[in-house]
Amino acid sequence: MTTTCAASFCSNSRYLAKKHNIDIIFHKFPSEPVLLRKWILFCKQEDKWTPSKNHILCSSHFVKDDYQLINSPSKENKKTFKKLKPVGKPLLSV
Ligand SMILES: [Zn+2]
């Protein structure tokens, strides 16, 4: 299981986020081919690199507008959480 952001220039990981209590979330790569291509280009990995289903990209590469707020389906837990819109593509670099 990969726990580090797939962008070659980014070192965010689930471990660091948890350890330092950083407010970032991680996203799986999209299955839609055009969008997937944009995510792959963004990662600046070596040629022909393709993400596996375990690869993730962290939320620091997305802007606020890429997210929609979702109400938690749980009645006990009234939290809202951020969900990446289906068209969300990474724009920002660290
Ligand atoms: Zn990242």
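Our subject is the structure listed above.
Small disclaimer: the values here were computed from a predicted structure and weren't measured.

Student: Go over the environment of phenylalanine 62, please, and point to the residues and values.
Tutor: Within the secondary structure layout, phenylalanine 62 lies in the loop between β2 (56-58) and β3 (67-71). Sequence separation of phenylalanine 62 and aspartate 23 is 39 residues, and the distance between their C-alpha atoms is 13 Å. Those residues in contact with phenylalanine 62, other than ones at most four positions away along the chain, are Tyr67, Leu84, Gly88, Pro90 and Leu91.

Student: Give a detailed account of the nonpolar core, specifying residues and quantitative values.
Tutor: If you look at the biggest cluster of nonpolar residues, it comprises eight residues: Cys5, Ala6, Ala7, Trp39, Cys43, Ile56, Leu57 and Cys58. Going through the elements one at a time, α2 (33-43) and β2 are the ones with two or more residues in this core. When residues of this core are assigned to their parent elements, the largest contribution, three residues, is made by β2. Setting aside anything within four residues of it in sequence, one finds cysteine 58 in contact with Cys5, Cys10, Asn12, Ile24 and Phe26.

Analysis parameters
Per chain, the residues get numbers from 1 upward, laid out in the order the sequence is written. Local features are withheld for residues below a pLDDT of 70 in this predicted model, meaning they are given only at 70 or higher, and side-chain atom pairs are given and counted only at 80 or more; totals for whole chains, interfaces and linings count all residues. Think of it this way: any DSSP run of H or I at least four residues long counts as a helix, any run of E at least two long counts as a strand, and we number them from the N terminus. Two residues qualify as a contact pair if the distance between their C-beta atoms, derived from the backbone, is within 7 Å. Remark: nonpolar core denotes a set of buried Ala, Val, Leu, Ile, Met, Phe, Trp, Tyr and Cys residues whose joining runs through C-beta atoms within 7 Å. Residue burial here comes from a neighbour count, namely the number of other C-beta atoms, placed from the backbone, that lie within 10 Å of the residue's own C-beta, with 20 or more meaning buried, 12 or fewer meaning exposed, and in between meaning partly exposed.

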